[in-house]
Amino acid sequence: MVSKCRVARLACAAVLVVTTGCASTSAAAGFRDMAKTVQDRTGYRLRWKQATPEDREAERALRDLLARPLSVDGAVQVALLNSPALQAIYEDLSLAQADVVQAGLLSNPVFSADVTTAEREALDPNLIVGVTQSFLDLLLIPAKKRVAAAGFEAAKFRVGNAVLEKAAQVKATFYAVEAADQTLAVRRTMADAEEASFELAQRQADAGNVSDLAATNEKTLYLETRLDVSRAEAEDDAAREQLTRMMGLTDPSWQLAGRLPDLPPADATIDRLEEQAVRDRLDLAALRQEVQTLDYALSLAKTSRWTGVIDIGVDVARLKDGHIAVGPRASLELPIFDQRRAPVARLEAQLRKSQALLAERVIEVRSDLRAAHDRMRHARQVAEQYRSSIIPIRERVVELSQQEYDSMLLGVYQLIAAKRSEVSAYRDYIESVRDYWTARADLELALGGAIPAPVAGPRAPEGPPAAPSSSAPEPPVPAPGEHHHHH
């Protein structure tokens with residue numbers, strides 16, 4: 001009897017020791033790891049709103065950013081500090097951490113009580129109580145925790161990749177806003193020029209110097225350019241509203257720091273970028289961890305498929321002579337009808353599917369990288385062609401047209417037509433520079449981090465020229481504006 005009591009006490013003590021070990025449900029440590037990875041790759045800081053002193057510091061940083069005109073990096077930082085969508089994504093870490101904690105816990109013990117009217121040595125009423133605990137749970141906890149930990153690592157990578165996607169989207173939208181602002185300025189300049197041309201044509205028609213047809217054509221052109229201004233204003237407002245929403249702001253009163261940035265001196269070549277992307281992309285890292293998680297889960301399922309459910313426990317009864325009787329209890333599931341074939345087959349299929357998805361994603365990552373690099377390269381070529389050739393030629397045409405007009409060898413409408421072509425070239429150049437920076441943001445996302453510095457080469461042309469001036473000195477033909485002559 002004594003030996004049975006001692007065994008029961010030891011069993012109860014073992015259960016208590018295991019069940020008192022409690023892991024934290026906070027995912028703060030995992031968030032810090034993920035945030036450090038993002039900051040190392042991009043330089044941007046993250047915050048998870050959890051009513052901590054760091055929240056107040058982040059709020060001050062947010063107010064400081066919004067108190068001055070925003071650069072592209074400032075806009076991205078505002079979004080990463082303030083976006084409710086990211087705050088929702090961060091909660092995936094809490095869900096994964098909860099799975100880690102749950103995997104480390106034993107199932108609750110089962111209390112049982114038996115009452116019988118049969119004549120027994122126990123005191124009336126004949127009551128025997130017992131406690132049963134799953135022994136298999138205790139053996140499988142390390143394997144379960146390994147599965148959950150791998151799942152938590154996958155969640156960290158997925159959240160980090162979502163942050164990088166958000167940064168790329170904000171950058172592309174920011175460049176769209178800058179381009180829309182500059183395009184609007186160009187449209188307004190063109191409208192001012194057409195207005196001057198229309199007013200001149202109207203005066204000449206009233207004086208009988210030009211036909212009604214010519215005057216009507218000028219009026220049509222003027223009205224069309226005013227419509228172009230209205231469309232540009234709508235596009236500018238829409239781009240600004242989209243950026244406001246992406247930054248998580250309710251007040252669209254923020255200001256831009258300037259125009260589209262200059263093109264960098266050179267771009268990184270495609271060499272070795274594919275390998276870097278396959279190595280560093282966080283979405284690929286998440287898929288690799290999902291494969292590892294399923295592999296661990298499959299190993300666990302195969303290990304436990306033949307053991308079934310094993311429960312151990314003790315029964316306790318008080319005898320008539322005052323002694324306590326303690327006896328062991330054990331039960332073992334016999335895997336006769338259900339040998340866990342279906343769960344194992346399901347996990348094997350999920351593992352093969354995950355491996356195939358990983359292989360497919362590697363192909364997509366390489367293709368995305370090449371496509372983004374090609375778009376960036378072609379956009380640079382177009383922008384440089386406009387900057388080095390088309391715009392200088394258009395400016396030269398306006399300059400020569402002005403000289404011939406001053407010498408009365410050219411009509412005013414031909415001069416204004418030259419001015420229209422010049423302004424259109426500015427507009428197209430702005431769009432090509434916008435396309436370059438948008439493709440560059442896509443390339444950063446495809447690469448999974450910052451683009452490495454290229455080997456030093458010839459310096460690229462400067463960035464977008466300012467839009468031509470809208471002032472129109474007399475005679476009523478707008479001056480050519482800010483020309484950048486290239487001889």
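The rules behind the values
Residue numbers restart at each chain and count upward from 1, following the sequence in its written direction. Per-residue local features are limited, in this predicted model, to residues with pLDDT of at least 70; the limit for side-chain atom pairs, both in listing and counting, is 80 or more; totals at the level of whole chains, interfaces and linings are taken over all residues. The side-chain numbers reported here are obtained from all heavy atoms of the structure, hydrogens and water having been left aside. We count a stretch as a helix when DSSP gives it H or I for four or more residues in a row; a strand needs E for two or more, and each element gets its number in order from the N terminus. Per-residue accessibility, obtained with a 1.4 Å probe over protein chains only, is compared with the maximum for each type, and a residue is labelled buried under 20%, exposed over 50%, and partly exposed between these values. When checking whether two residues touch, look at their non-hydrogen atoms; a contact exists if any pair is within 4.5 Å. Here, Shrake-Rupley sampling with a 1.4 Å probe gives the accessible areas, and only protein chains in the shown set may cover a residue. Here, expected helix span is obtained from the residue count minus one, scaled by 1.5 Å. Stacked, tilted and edge-to-face pairs are distinguished by plane angle, under 30 degrees for stacked and over 60 for edge-to-face with tilted covering the rest, among Phe, Tyr and Trp rings (Trp via its six-membered ring) whose centres lie within 6.5 Å. Whether a charge sits over a ring comes down to the Lys NZ or Arg CZ being within 6 Å of the ring centre and within 35 degrees of the ring normal. Under this scheme, a helix contributes an axis fitted over its contacting stretch, all axes are lines through C-alpha atoms, and angles between N-to-C directions fall in the 0 to 180 degree range. Reported orientations rely on four angle classes, namely roughly parallel under 35 degrees, roughly antiparallel over 145, roughly perpendicular from 65 to 115, and oblique for the rest. Throughout this entry, Asp, Glu, Lys and Arg are counted as charged residues, while Ala, Val, Leu, Ile, Met, Phe, Trp, Tyr, Cys and Pro are counted as nonpolar. The remaining residues, Gly among them, count as polar. Think of a nonpolar core as a cluster: buried Ala, Val, Leu, Ile, Met, Phe, Trp, Tyr and Cys residues, connected wherever their side-chain atoms sit within 4.5 Å.

On to the overall build of the protein, then. Within the protein, the regular secondary structure consists of 11 helices and four strands. Counting the 487 residues in the protein, one finds 43% classified as buried. At a minimum sequence separation of 6, the contacts of the protein that also span at least 24 residues come to 79%. For the protein, the computed accessible surface area is about 26100 Å², with 56% contributed by carbon and sulfur atoms.

Moving on, we come to unusual backbone geometry. Positive phi outside glycine occurs at Arg-272, with the angle close to 70 degrees. Its place among the elements puts Arg-272 in the loop between α7 (212-246) and α8 (273-280). Its relative accessible area of 68% is what places Arg-272 among the exposed residues.

In this section: α7. Over its 35 residues, α7 extends 51 Å from the first C-alpha to the last, a length consistent with the 51 Å expected when each residue adds 1.5 Å. Here α7 has its buried residues at Ala-215, Glu-218, Tyr-222, Thr-225, Val-229, Ala-232, Asp-236, Ala-239, Leu-243, Thr-244 and Met-246. In the stretch just after α7, Gly-248 is the one whose phi turns positive, near 75 degrees.

On to the packing of aromatic side chains. For the structure shown, the criterion picks out seven aromatic pairs. Ring centres of Tyr-175 and Trp-437 lie 5.6 Å apart, and the angle between their planes is 35 degrees; this geometry places the pair in the tilted category. A residue pair is termed long-range when its members are at least 10 positions apart, and Tyr-175 in helix α6 (residues 135-206) and Trp-437 in helix α11 (residues 412-447) qualify at 262 residues. Comparing Tyr-175 with Trp-437, the two get one shared label, buried. Aromatic ring contacts, followed pair by pair, group Phe-174, Tyr-175, Tyr-436 and Trp-437 into a single cluster. Over the face of the ring belonging to Tyr-296 we find Arg-146, whose NZ or CZ atom lies 4.3 Å from the ring centre.

Here the focus is the packing of α8 against helix α9 (residues 282-304). Two elements in contact, α8 and α9, have axes separated by 6 Å at closest approach and are oriented at 50 degrees. The orientation of α8 with respect to α9, classified from their angle, is oblique. Facing Ala-277, Val-278, Arg-279 and Asp-280 of α8, the residues of α9 in contact are Leu-282, Leu-284 and Arg-288. By residue class, the composition of the contact of α8 with α9 is four nonpolar, no polar and three charged.

Before going further, it helps to examine the nonpolar core. Ranked by size, the top nonpolar core spans 88 residues in total, and within it Met-34, Leu-46, Tyr-90 and Met-247 carry the most contacts. Per-element tally for this core: the top contributor is α6, with 15 residues. Once residues lying within four places of it in the same chain are set aside, the contact partners of Met-247 are Leu-70, Ala-75, Val-78, Ala-79, Asn-82, Ser-83 and Trp-254. Counting five residues, the second-largest nonpolar core is a separate cluster that includes Tyr-405, Val-412, Leu-415 and Ile-416.

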